[in-house]
Amino acid sequence: MQIHIPTPLRAFTGQQATVEAQGRDVGEALEDLVRTHPPLRAQLFNADGQLRSFVNVYLNDEDIRYTGSGKTPVNASDTISIVPSIAGGCAGASLGSAGRC
Amino acid sequence: MALEMGREELERVLRHGEETYPHECCGLLLGRAAEDGGRVVAEAYRMRNANTESPQNRFVFDPQEHFQAQRAARARGLEIVGFYHSHPDHPAWPSQFDLDHAAWPGYSYLIVSIQQGRAAQEAGVNSFELAEDRSRFLQETIAVR
């Protein structure tokens, strides 16, 4: 199956936008991805081996949280997409000088 | 590294911020990676601020909407090279909250300041990259063409 690689992570895939991966479920496919591209492991997984909190994974059109997470079965014709959670805003302590947000 | 974008696209971002004021606006920067490692914006794509509890000082993408937008951009041959959002009545400078919720290094994080409902023009526009160790933002230049 194919895994679509987000733009900033293509530095770790030789600039490939998609990578072929093997596996019976999403977990195995992602493990195959980071096994063949080791620098991706730290970008996608935390020290406990769990997907980082801001990393969302879609199998075709579905968020794997609702389909069995890493145990979601896959087929050779499936597509996995990696989508970061995006949030922010002018809240909390300032990172700059006085008066900045 | 630098972010390159057309004046028209920058204006689109500023108008978005003015329209959503006093709430934060947010969106995608679609384009391509430049050969020198920078990023070139072809289109500023509006997203809905899905934060309903505190939209005046926080924003969040709906994950499904983000996924759909990413797929649509890919179908058009565009990549997501960064994100933008506004700071109503605050400077265009990242907050600790921005840092805590940043995604990966390699994106541009564009922030615009909207003061009393009006864009602060280029003085109120800054763009940043996330440091490789995620410890801080690094300001990048914005080349407006």
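Anything mentioned here points back to the structure above.
Worth saying up front: this structure is predicted, and the values here are computed from it rather than measured.

A. Quick peek at the overall build of chain A. Along the backbone of chain A there are 2 helices and 6 strands. Its helices and strands in sequence order give chain A the pattern β-β-α-α-β-β-β-β, from N to C terminus. The buried share of chain A, reckoned over its 101 residues, is 35%. Of the contacts formed within chain A by residues at least 6 apart in sequence, a portion of 49% connects residues at least 24 apart.

B. Structural detail: the pairing of strand β2 (residues 26-33) of chain B. Residues and elements named next belong to chain B. Counting buried positions over the 8 residues of β2 gives 6, a clear majority of the element. Here 8 bridges tie β2 to strand β3 (residues 39-47), and the two strands are oriented antiparallel to one another. Considered in β3, the bridge of R32 is made with V40. In this antiparallel pair of consecutive strands, β2 and β3, the connection spans 5 residues, and G37 shows a positive phi of 95°.

C. View of the pairing of strand β3 (residues 55-59) of chain A. All names here are of chain A. Where β3 lies against strand β5 (residues 79-84), 5 bridges are found, and the strand directions are antiparallel. Looking at the pairing, V57 lines up with I82 of β5. Relative to strand β4 (residues 62-63), β3 runs antiparallel, the two sharing 2 bridges. Counterpart to Y58 in the pairing with β4 is D63. Here β3 folds back onto β4 in antiparallel fashion, the turn holding 2 residues, of which N60 has a positive phi close to 55°.

D. Spotlight on the environment of F128 of chain B. All names here are of chain B. The topology assignment puts F128 in strand β8 (residues 125-130). Here the alpha-carbon distance between F128 and V13, two residues 115 residues apart in the chain, equals 16 Å. With residues up to four places along the chain from it excluded, the contact list for F128 reads P94, Y109, F137, L138, Q139 and E140.

E. A look at the environment of G17 of chain B. All names here are of chain B. Note on placement: G17 falls in helix α1 (residues 7-20). Classification of G17 by C-beta neighbours within 10 Å gives buried; the count is 30. Ignoring sequence-local partners within four residues, the contact set of G17 consists of C25, S86, V112, I114 and A119.

F. Main features of the nonpolar core. With 42 residues, the main nonpolar core has L29, Y109 and V112 of chain B as its most contacted residues. Those elements giving two or more residues to this core turn out to be β1 (2-5), α1, β2, β3, β4 (59-60), β5 (79-88), β6 (108-115) and β8 of chain B. The residues touching Y109 of chain B, leaving out its near neighbours within four places in the chain, are G82, F83, P94, A102, S127, F128, L130 and F137 of chain B. Formed by 20 residues, the second largest nonpolar core is a distinct cluster that contains V19, L30, L33 and Y58 of chain A.

G. Region of the structure containing the interface of chain B and chain A. Between chain B and chain A, the contact holds 32 residues from the first and 26 residues from the second. Going through the elements one at a time, β4, α2 (63-75), β5 and α3 (96-100) of chain B are the ones with two or more residues in the side of chain B that touches chain A. Sorting elements by how many residues they give to the side of chain B that touches chain A places β5 of chain B first, with 6 residues. Residue composition of the side of chain B that touches chain A, grouped by class: 18 nonpolar, 10 polar and 4 charged. With 2 bridges connecting them, strand β6 (residues 87-88) of chain A and β4 of chain B associate as antiparallel partners. In the sheet register, G88 of chain A faces β4 of chain B, and the bridge partner there is F59 of chain B.

The rules behind these values
Residues numbered from 1 in each chain as written. Chains lettered and ligands numbered in written order. Predicted model: local features only at pLDDT ≥ 70, side-chain atom pairs only at ≥ 80, totals over all residues. Helix = DSSP H or I, 4+ residues; strand = E, 2+ residues; numbered from the N terminus. Buried ≥ 20, exposed ≤ 12 C-beta atoms within 10 Å, placed from the backbone. Contact = placed C-beta atoms within 7 Å. Pairing = 2+ DSSP bridges. Core = buried A, V, L, I, M, F, W, Y, C linked by C-beta atoms within 7 Å. Nonpolar A, V, L, I, M, F, W, Y, C, P; charged D, E, K, R; others polar.

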